[in-house]
Structure formats: structure tokens, C-alpha cells
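Descriptive structure summary
The chain contents come next:
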Amino acid sequence: MKLGCPKEVKPQEFRVGITPNAAQEAVAHGHEVLIETQAGVGAGFDDDAYVAAGATILATAPEVFASADMIVKVKEPQPVERKMLREGQLLFTYLHLAPDPEQTRDLLDSGCTAIAYETVTDRNGGLPLLAPMSEVAGRLAPQVGAWTLQKANGGRGVLMGGVPGVGPARIIVIGGGVVGTHAARIAAGMGADVTVLDRSLPRLRYLDDVYGNVFNTGYSTGGLMAELLPLADMVIGAVLIPGAAAPKLVTRAQLSSMKPGAVLVDVAIDQGGCFETSKATTHSDPIYEVDGVMHYCVANMPGAVARTSTIALSNATMPFMLALADKGWKKACADDPHLLAGLNVHAGQLTYAAVGEALGLDVVAPETAIA
Ligand SMILES: NC(=O)c1ccc[n+]([C@@H]2O[C@H](COP(=O)([O-])OP(=O)(O)OC[C@H]3O[C@@H](n4cnc5c(N)ncnc54)[C@H](O)[C@@H]3O)[C@@H](O)[C@H]2O)c1
């Protein structure tokens, strides 16, 4: 199969869909890998690295789209890219179709087959192609929060780990899933005093079993939040209720109970945010202040560490990419129900129920589409 990887064109996107190591694996499987020139440069991979891996460099995106049987990307295809998709072509990338009727319409019109990273599942009920980005955002959250806590950035001037004779920063992490667990581990590793709140007792039991000596756990209620907020130097929001907007767990009125210069890091901002005062920010202007409390609410946190994020994403997507290339998408999906769960669009038909529901469009069962 010919695998094509164009340079990402969405503003501020520096990741790339195929790393040189993934390209090398695909070549070893007998496939041809076509990379648009400079596609990997934002993630620190120059054209020579791809050539050394056995890939071919093409000068333009239209050449990649015209030649490839399968397009592997990071972000949803932008309008200019959607025009280049064709009938029978396979697209493997993040799509997030539910809030995006225009993209959905263009993908249906193109006749392509589109498998969305974000709906591929695993046997534990998890989302294996979303998890790496949650791991990145979680580990980044205490790092950006620590920076925001510095005086020059509006914070209260507290060092995460304290020093001998001075106590550490006190951190609350709301939500003990993938983001929250990684955030808590890194914050504790920086020496902070960390408490993770969740509403799932099985999850709290797991966290206590595995990290009982590293951080504390608490059952997330409004009462406990009101108790902890006045003590906190930083609160990291990492909740998720699948398919719903994030619940608002800290109100504007509660900010006045917090210490001046305390920091809120709202990782859940991509689901609307879990603090009432959160509004999405960008890497170029990431923080703002409300009632004396600093807010960091960047919706695309992994973009800040494009190289780590690219490699982490590629590690997760590569086995699926190889299965699709080795077997063809129909057999790969027939063999693996978790990959089949990623099928969103095929030959002008929508194949993902939740997207159909959100957009009021008819859906064909994915099993029917591959039959
Ligand atoms: N900003 C970014 O760049 C970025 C990157 C990755 C993920 N995210 C977002 O981070 C959020 C968390 O993602 P995740 O992968 O960790 O999800 P997850 O499903 O692994 O974890 C979410 C946790 O929240 C808990 N929860 C639900 N309601 C709660 C409540 N009221 N109080 C306390 N805990 C509650 C759940 O029990 C679960 O353990 C999501 O909104 C995700 O979209 C943002």
C-alpha cells in the first residue's frame, strides 16, 4: 500500500502523522511511504530522517494526496485537504465529527473511508489513541501550573517542592483518570503535596493501591471542594463525563475563598472547562486572571511539546496503521472490533452512531459497511 503523510496545515499544529521510525516499520512491511517535504520539521524530524527510513519525499500536499492509498495525519482534514480526498481513499486521523457538520459533509461527499483516532477503542473500554494526548496534557499541567505560580506570571510565588524549612505547594487534582493520574504523579514528583479527587470509588481504590504513598485521594463532593479550595496553591481540572460538557466544579463565587495568586489549570477546557471562570486560551497567550486567581486554559496542550506528542501518538497509532496497510481496511476492521469502532465514514455513508445523532444524519452500521 502507498501511505501518504502531508504536512499539517491547521494553525499552530507542529505534530506529524508518521514518524521516521513508523515509516521504517511500514517500509519493512513492504509498503511505500510518501512524506510531504518538511512535514516533520515542527516535531524535529527533517526530510533526511525520512529518507534514511526508506520513505520518499514529495514536494507538495496535492502530490501526496494524489498518490497515496491511505492518508495518515494528526488533525482533522482542513477544507483545502478535504478537496483532495477521493473515493476509495483511506483517511486515518483525529476527526471529531460530532460538532463539525461541514467536515462531515465534505468527507461524505469525497467518497473516502475515514477512521477516526478518537473513537478507536480497547478491550478495557478505553480510548487508546486519545490516551497518549491525555498523558501528555496531564504531565504538562503541573509544569505550566508551576510556571504560572511564579510571581512574575501573576502567581503567589510558591515553589512546588518548597525547600528545607518551607512547606511544599498544595495541589488539588479534580478527576483521577488518565490526565489526573499523570498530573498527580508529576506534581508529587516535583515535591508538592497532592490530593486527587474523583467520584468513582473503584478508581479511587486503584489510585490508593498504586499511589497511596505518593498522593492522597478524596471523594469529589461540593463540600470537600469548599474545604480544600482555601488551602490550595493550584487546582488542576481533569474531569470527563463521556459525551457531556464538563461539570462546573468551582464557581466564580468560590474564587474569593482562594488564596490571591493561586492557580487554576483547566485541562478539561476542550470539553467546556470545569471551572465557571474558564475560557479557552492559546499557547501564545495562555494565562489570565479573575478575582485574583490565575487561570491557564489552553485547549491544545500537547501542541506545546510537539515532538513528545508526535512520538507518543505514533507509538499508539502505528500498530493500527500497519494492520490497515497489511490487510486492507475491510479485513483489518473485520478482524478487530476496536479498530472497527473507529470507522466514521465509508463511501458516502456515516457509520458512527453518536455523530449521526449529534448531526441528525442517517447512520449505517459499521458491520454493514464492511460486509
Ligand atoms: N486541554 C488539553 O489539551 C487536553 C488534552 C487531553 C485531554 N484533555 C481533556 O482532559 C479531560 C480528562 O481526560 P482523561 O483522558 O483524563 O479522561 P478520563 O475519562 O480518563 O478521566 C476522567 C475522570 O474524571 C472523573 N470524574 C467525572 N466526574 C467527576 C467529578 N464530578 N469530580 C471528580 N472526578 C470526576 C471520572 O471518574 C474519571 O476518572 C477531558 O476533558 C479531556 O478531553 C484536554
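A brief look at the structure comes next. Every chain's residues receive numbers from 1 upward, in the order its sequence appears when written. In view of the model being predicted, local features appear only for residues whose pLDDT reaches at least 70, and side-chain atom pairs are presented and counted only at 80 or more, with totals across whole chains, interfaces and linings using the full set of residues. Water and hydrogen atoms were dropped before computing side-chain values, which therefore reflect all heavy atoms in the structure.

1. Overview of helix α8 (residues 201-211)
Think of it in three bands: with a 1.4 Å probe and only protein chains considered, a residue is buried below 20% of the maximum accessible area for its type, exposed above 50%, and partly exposed in between. Under the DSSP-based scheme used, a helix requires at least four consecutive residues in state H or I and a strand at least two consecutive residues in state E, with every element numbered from the N terminus. Of the positions making up α8, those classed as buried are L204, L207 and Y211. One side of α8 carries all its buried residues, which in axial view fall inside an arc of 65°. Exposed residues lying more than 90 degrees from the buried face of α8 are P202, R205 and D209. Contacts are assigned to residue pairs that have any heavy atoms within 4.5 Å of one another. Tucked inside the fold, the buried residues of α8 contact α7 (178-189), β8 (193-198) and β9 (216-219). Two N or O atoms form a polar contact when they lie within 3.5 Å of each other; inside protein one atom must be a possible hydrogen donor and the other a possible acceptor, and for residues adjacent in sequence the pair counts only when both atoms belong to side chains. The N-terminus of α8 is capped by S200, whose side-chain oxygen sits 3.1 Å from the backbone nitrogen of R203. Note: the arc covers the axis-to-C-beta directions of the helix.

2. Points about the packing of helix α6 (residues 131-148) against helix α11 (residues 306-327)
Here an axis means a line fitted to C-alpha atoms, over the contact stretch when the element is a helix, while the angle between two N-to-C directions is reported on a 0 to 180 degree scale. Where α6 meets α11, the axes come as close as 8 Å, and the angle between the chain directions of the two elements is 150°. Compared by their axis directions, α6 and α11 come out roughly antiparallel. The crossing of α6 and α11 is right-handed. Contacts from P132, M133 and V136 in α6 reach S309, A312, L313 and A316 in α11. Following the grouping adopted for this structure description, the nonpolar residues are Ala, Val, Leu, Ile, Met, Phe, Trp, Tyr, Cys and Pro, the charged ones are Asp, Glu, Lys and Arg, and the polar ones are all others, Gly among them. Of the residues in the contact of α6 with α11, the class split is six nonpolar, one polar and no charged. Under this scheme an angle from 65 to 115 degrees is roughly perpendicular, one under 35 degrees roughly parallel, and one over 145 degrees roughly antiparallel; angles in between are oblique. Two helices crossing with the near one rotated counterclockwise from the far one by less than a right angle form a left-handed crossing, whereas a clockwise rotation gives a right-handed crossing.

3. Side note on α11
Each residue after the first adds 1.5 Å to the expected span of a helix. The first and last C-alpha atoms of α11 sit 30 Å apart over 22 residues, in line with the 32 Å expected at 1.5 Å per residue. In this scheme, the bend at a residue equals the angle between the axes fitted to the seven residues that finish there and the seven that begin there. The sharpest bend along α11 measures roughly 40° and falls at T317, with the proline P319 sitting one to four residues further on. Where α11 ends, the next residue or the one after it, G328, has phi of about 85°, a positive value.

4. Brief notes about the sheet that holds strand β14 (residues 343-346)
In this analysis, strands are considered paired if DSSP registers two or more bridges between them. Taken in spatial order, the eight strands of this open sheet run β3-β2-β1-β4-β5-β6-β14-β15, and their pairing is mixed. Strands at the two margins of the open sheet, each flanked by one partner only, are β3 (56-58) and β15 (349-350). Of the strand pairs in this sheet, strand β6 (residues 113-116) and β14 are connected by three bridges, and their pairing is antiparallel. The residue bridging A114 from the neighbouring strand is V345, located in β14. Together, β1 (2-5), β4 (70-72), β5 (90-93) and β6 form the strand contacts of α11, whose direction differs from that of β5 by roughly 170°.

5. Some points on the sheet that holds strand β7 (residues 170-174)
Here seven strands make up an open sheet; going across it, the order is β9-β8-β7-β10-β11-β13-β12 and the pairing mixed. Edge positions in the open sheet fall to β9 and β12 (287-290), since each of these has one partner strand only. Between one strand axis and the next, the sheet turns through 20° on average, direction left out of account. Bridging between β12 and strand β13 (residues 293-296) involves four bridges; their strand directions are antiparallel. Its bridge partner lying in β13, I287 is registered against Y296.

6. Digging into the packing of aromatic side chains
A pair of aromatic rings is counted whenever rings of Phe, Tyr or Trp (Trp by its six-membered ring) have centres within 6.5 Å, and the orientation is called stacked for planes under 30 degrees apart, edge-to-face for over 60 and tilted otherwise. As enumerated under the stated definition, the model contains three aromatic pairs in all. Taking 4.7 Å as the distance between ring centres and 90° as the angle between the ring planes, the aromatic pair formed by F92 and Y117 counts as edge-to-face. Residue F92 is found in strand β5, and its partner Y117 is found in the loop between β6 and α6; the two are separated by 25 residues along the sequence. Looking at F92, the relative accessible area reads 0%, which means it is buried. Given the relative accessible area of 0%, Y117 is considered buried.

7. Brief notes about unusual backbone geometry
Phi at D291 is positive, roughly 50°, even though this residue is not glycine. Looking at where D291 falls in the secondary structure, it is placed in the loop between β12 and β13. The partly exposed category is assigned to D291, whose relative accessible area is 42%. Not every positive phi belongs to a glycine, and A347 is a case in point at roughly 45°. The partly exposed category is assigned to A347, whose relative accessible area is 43%.

8. Focus: the environment of R205
Mapped onto the fold, R205 is located in helix α8. On the basis of relative accessible area, R205 is assigned to the exposed category, the value being 54%. Distance in space between the C-alpha atoms of R205 and E227 is 22 Å, their sequence separation being 22 residues.

9. A closer look at the site of the ligand
As a matter of local geometry, the ligand sits amid 28 residues, with S134, V179, D198, D270 and M301 nearest to it. Residue V298 places a main-chain N or O atom 3.2 Å away from a nitrogen atom belonging to the ligand. Computed by Shrake-Rupley with a 1.4 Å probe, the accessible areas treat only the displayed protein chains as cover when residues are assessed. In the complex, the protein chains occlude 84% of the 870 Å² of accessible area that the ligand would expose alone. Listed by contribution, the elements that provide at least two residues to the shell around the ligand are α6, α7 and β8. Among the elements that make up the shell around the ligand, the one with the highest residue count is α6 (three residues). The residue makeup of the shell around the ligand, split by class, is 17 nonpolar, eight polar and three charged. By convention in this text, a residue qualifies as near a molecule or strand provided that one of its non-hydrogen atoms is within 4 Å of it.

10. Re the pattern of salt bridges
Whenever Lys or Arg places a side-chain nitrogen within 4 Å of a carboxyl oxygen from Asp or Glu, that contact is recorded as a salt bridge. If you walk through the whole model with that rule in mind, you get 12 salt bridges. Residue D109 pairs with R105 through a salt bridge whose shortest N-O separation is 3.5 Å. Placement of the pair is D109 and R105 together in helix α5 (residues 101-110), with a separation of four residues, close to one helical turn. Since its relative accessible area comes to 56%, D109 is described here as exposed. A salt bridge links R170 to D193; the nearest nitrogen and oxygen atoms lie 3.7 Å apart. With R170 in strand β7 and D193 in strand β8, the pair connects residues that are 23 residues apart, well separated along the chain.

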